[in-house]
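# Remarks on the overall topology
Spelled out from the first residue to the last, the chains are:
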Amino acid sequence: MRWRKFGVIALAGVVLLAAWRLGVFRQLGEPRQLADTLVRLGPWGYVAFLVAYAVLQPFGIPGTIFVVAAPMIWPWPTAFALSMTGTMAASVVGFSFARFVARDFVAAKIPARFRRWDDALERRAFATVFMLRLIFWMPPVLHAFFGISKVRFWTHFWGSFVGYLAPLFAMSFFGPRMVDWMRASGPRAWIAMGVGAAVIGAAFWVRGRRAAPTPNG
């Protein structure tokens, strides 16, 4: 088991190094160049998108880069399918890495605010996974938290899947339309969107704080 863990860590390191050497990180910072590259690859562009998403997002590359880029490159049904598949793959990679490879190391890095959900995961595992995914989406620390928790793999899988459906559909279907509208509307639209996003984010944060179980149950 120790050698297996070492092998998985080494493989992840090799993939990240290869991505850096091939300029993947640079292209992630240049969406237009990334889009052109994926389009030129044809069907292999789907594979490249999914592999990059699944391998890079659990280790720090924001998943929103992929989710926002997908509908800019492909029609929304394709973008939605790729976003769902990539997000689920990244979630499984992050979960599995925390549970089977580096459990002790990851456990020491989990913020205390996530620890308050341990009891809820034991009592209402599916509903808790669903709500946390709906509120927080896909941060690597949440993958890791689920990995070191007592939640079962398939409960995590399906709870995450259902939790991702609405936000990823909204991003895939409305994302390009919203960007086009904002470009046509000028700076005021960007300010209004920023304020609206902040208000919605604050509302979700307050809801999560109220829903979180207290140390006394």
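See the structure shown above.
Residues numbered from 1 in each chain as written. Predicted model: local features only at pLDDT ≥ 70, side-chain atom pairs only at ≥ 80, totals over all residues. Heavy atoms only, no water.

This part is about the overall build of the protein. Scanning the protein for helices and strands turns up 13 helices and 0 strands. The secondary structure elements of the protein, listed N-terminal to C-terminal, are α-α-α-α-α-α-α-α-α-α-α-α-α. When burial is assessed residue by residue, the protein has 38% of its 217 residues classed as buried. Residue pairs in contact within the protein that sit at least 24 positions apart in sequence constitute 77% of those at least 6 positions apart. (Helix = DSSP H or I, 4+ residues; strand = E, 2+ residues; numbered from the N terminus. Buried < 20%, exposed > 50% of the residue type's maximum accessible area, 1.4 Å probe, protein only. Contact = heavy atoms within 4.5 Å.)

The subject of this paragraph is the pattern of salt bridges. It is possible for side chains of opposite charge to pair when their charged atoms get near one another. Counted according to the given criterion, the structure contains 1 salt bridge. For Lys150, the salt bridge is made with Glu122, and the minimal N-O distance between the two is 3.5 Å. Residue Lys150 is found in the loop between helix H11 (140–148) and helix H12 (153–185), and its partner Glu122 is found in helix H9 (residues 118–123); the two are separated by 28 residues along the sequence. Considered together, Lys150 and Glu122 belong to a single accessibility category, that of exposed residues. (Salt bridge = Lys/Arg side-chain N within 4 Å of Asp/Glu carboxyl O.)

Together, Leu41, Trp44, Tyr46, Val47 and Val51 line one region of the surface with nonpolar side chains, adding up to about 490 Å² of accessible area. Mapped onto the elements of the fold, Tyr46 is located in helix H4 (residues 43–56). Residue classification places Tyr46 among the partly exposed positions, given a relative accessible area of 34%. (Patch = residues over 30% accessible without salt bridge, like charges linked within 9 Å, V, L, I, M, F, W, Y side chains within 5 Å. Areas by Shrake-Rupley, 256 points an atom, 1.4 Å probe, with all protein chains shown as cover.)

Here we come to the environment of Leu132. In this fold, Leu132 is placed in helix H10 (residues 125–136). Given the relative accessible area of 0%, Leu132 is considered buried. Between the C-alpha atom of Leu132 and that of Trp117, which follows or precedes it by 15 residues, the distance is 9.4 Å. Look past the residues within four positions of Leu132 in its chain and what remains in contact with it is Trp117, Trp137, Leu142, Phe145 and Phe146.

Evaluated as defined, the whole model comprises 18 aromatic pairs. Taking the centre distance of 5.5 Å and the plane angle of 65° together, the rings of Tyr46 and Trp74 count as edge-to-face. Taken together, the residues Tyr46 in helix H4 and Trp74 in the loop between helix H5 (63–73) and helix H6 (76–101) connect sequence positions 28 residues apart. Look at Trp74 and you get buried, because its relative accessible area is 10%. Counting every residue linked through ring pairs, the aromatic cluster contains Phe95, Phe153, Trp154, Phe157, Trp158 and Phe161. (Phe/Tyr/Trp six-rings, centres within 6.5 Å; stacked < 30°, edge-to-face > 60°.)

With that settled, the discussion passes to the side chain of Ser83. Considering the arrangement of structural elements, one finds Ser83 in helix H6. When sequence neighbours within four positions are dropped, the list of residues in contact with Ser83 reads Phe49, Tyr53, Val67, Ala70, Leu168 and Ser172.

So, on to the packing of H5 against H6. Each pair of packed helices can be summarised by the angle the axes make with each other and by the distance between the axes. One way to put it is that H5 packs onto H6 with a least axis distance of 8 Å and a crossing angle of 160°. Between H5 and H6, the angle falls in the class roughly antiparallel. For the crossing formed where H5 meets H6, the hand is right-handed. For the pair H5 and H6, the contacting residues are Val67, Ala70 and Pro71 in the first and Ala79, Ser83 and Thr87 in the second. Residues belonging to the contact of H5 with H6 are distributed by class as follows: 4 nonpolar, 2 polar and no charged. (Axes fitted to C-alpha atoms, helices over the stretch in contact; angles between N-to-C directions. Parallel < 35°, antiparallel > 145°, perpendicular 65-115°, else oblique. Left-handed = near helix turned anticlockwise from the far one by under 90°. Nonpolar A, V, L, I, M, F, W, Y, C, P; charged D, E, K, R; others polar.)

All right, on to the environment of Val141 then. Summarising the element assignment, Val141 is placed in helix H11. On a C-alpha basis, the gap between Val141 and Gly60 in space is 9.3 Å, while along the polypeptide they are 81 residues apart. Beyond its immediate stretch of four places on either side in the chain, Val141 contacts Ile110, Pro111 and Phe114.

Take the side chain of Gln57 next. Its location among the elements puts Gln57 in the loop between H4 and H5. Of note is the side chain of Gln57, whose polar atom sits 3.0 Å from the side chain of His143. With residues near it in sequence (within four places) discarded, Gln57 still touches Ala52, Pro62, Gly63, Ala90, Met138, Pro139, Pro140 and His143. (Polar contact = N/O pair within 3.5 Å; in protein donor to acceptor, adjacent residues only side chain to side chain.)

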